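Fold and contact review
One-letter residues, chain by chain:
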Amino acid sequence: MNDEDILTRIQALVDEEHSLREGSGDGQAPDHARLRQVEISLDQCWDLLRQRRAKKDSGENPDEAETRPVSEVEGYKQ
């Protein structure tokens, strides 16, 4: 996956997140389980993109960056 692929995936997840938060328009609550999955996937994608950019900036191969486990990505302090 290259940077463009990751950015495309991020945009698709953001679109889905917005759709879930807006709900179906009939007053139903959003699917909280799916929303949580989307949020986690977004965090992992952003982390992977940051890793790739850091590797590239330091002269390393960005393709060596790997998706980190949820437990690691979700443990970061903002």
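It should be noted that the structure appears before, not after, this text.
All of the points below concern the structure found in this document. This is a predicted model, so every value here is computed, not measured.

Our focus in this paragraph is the pattern of salt bridges. Proximity of charged atoms lets side chains of opposite charge pair with each other. Tallied over the full model, the rule gives ten salt bridges. The salt bridge involving Glu 39 is made with Arg 21; its shortest N-O contact spans 2.6 Å. Of this pair, Glu 39 sits in helix α2 (residues 32-57) while Arg 21 sits in helix α1 (residues 3-22), and the two are 18 residues apart along the sequence. Here Glu 39 falls in the partly exposed class, since its relative accessible area comes to 22%. On the accessibility criterion, Arg 21 (47% relative accessible area) is partly exposed.

Another aspect to go through is the packing of α1 against α2. Two elements in contact, α1 and α2, have axes whose closest approach is 9 Å; the angle formed by their N-to-C orientations is 155°. Comparing their axes, α2 and α1 come out roughly antiparallel. Seen from above, α1 lies across α2 with left-handed handedness. On α2, the residues that touch Asp 3, Ile 6, Leu 7, Arg 9, Ile 10, Leu 13, Val 14, Glu 16, Glu 17, Leu 20 and Arg 21 of α1 are Arg 34, Leu 35, Val 38, Glu 39, Ser 41, Leu 42, Cys 45, Trp 46, Leu 48, Leu 49, Arg 52 and Arg 53. Classifying every residue of the contact of α1 with α2 gives 13 nonpolar, one polar and nine charged.

The next point concerns the nonpolar core. In this structure, Ile 6, Ile 10, Leu 13, Leu 20, Leu 35, Val 38, Leu 42, Cys 45, Leu 48, Leu 49 and Ala 65 together form the largest nonpolar core, which totals eleven residues. Examining the composition of this core, we find that six residues originate from one element, α2, more than from any other. For Ala 65, the contacting residues outside a window of four places in its chain are Leu 48, Gln 51, Arg 52 and Lys 55.

With that settled, consider α2. The end-to-end C-alpha separation of α2 is 37 Å, in line with the 38 Å expected for 26 residues at 1.5 Å each. For α2, the full list of buried residues reads Leu 35, Val 38, Ile 40, Leu 42, Gln 44, Cys 45, Asp 47, Leu 48, Leu 49, Gln 51, Arg 52 and Lys 55. Tucked inside the fold, the buried residues of α2 contact α1 and α3 (70-73). Its side-chain oxygen at 3.3 Å from the backbone nitrogen of Ala 33, Asp 31 defines the N-terminal cap of α2.

For the rest of this paragraph, the subject is α1. Across its 20 residues, α1 extends 28 Å between first and last C-alpha, which sits within 8% of the 28 Å expected from 1.5 Å per residue. Taken as a whole, α1 has its buried residues at Ile 6, Ile 10, Leu 13, Glu 17 and Leu 20. For α1, the buried positions fall inside an angular range of 90° around the axis, keeping them on one side. In α1, the exposed positions angled more than 90 degrees off the buried face are occupied by Glu 4, Thr 8 and Glu 22. Taken together, the buried residues of α1 touch α2. By the N-cap criterion, in which a side-chain oxygen at the helix start approaches the backbone nitrogen of a residue two or three places on, α1 is capped by Asn 2, the distance to Glu 4 being 3.0 Å.

Basis of the calculations
- Residues numbered from 1 in each chain as written.
- Predicted model: local features only at pLDDT ≥ 70, side-chain atom pairs only at ≥ 80, totals over all residues.
- Heavy atoms only, no water.
- Salt bridge = Lys/Arg side-chain N within 4 Å of Asp/Glu carboxyl O.
- Helix = DSSP H or I, 4+ residues; strand = E, 2+ residues; numbered from the N terminus.
- Buried < 20%, exposed > 50% of the residue type's maximum accessible area, 1.4 Å probe, protein only.
- Axes fitted to C-alpha atoms, helices over the stretch in contact; angles between N-to-C directions.
- Parallel < 35°, antiparallel > 145°, perpendicular 65-115°, else oblique.
- Left-handed = near helix turned anticlockwise from the far one by under 90°.
- Contact = heavy atoms within 4.5 Å.
- Nonpolar A, V, L, I, M, F, W, Y, C, P; charged D, E, K, R; others polar.
- Core = buried A, V, L, I, M, F, W, Y, C linked by side-chain atoms within 4.5 Å.
- Expected span 1.5 Å × (residues − 1).
- Polar contact = N/O pair within 3.5 Å; in protein donor to acceptor, adjacent residues only side chain to side chain.
- Arc of directions from axis to C-beta.

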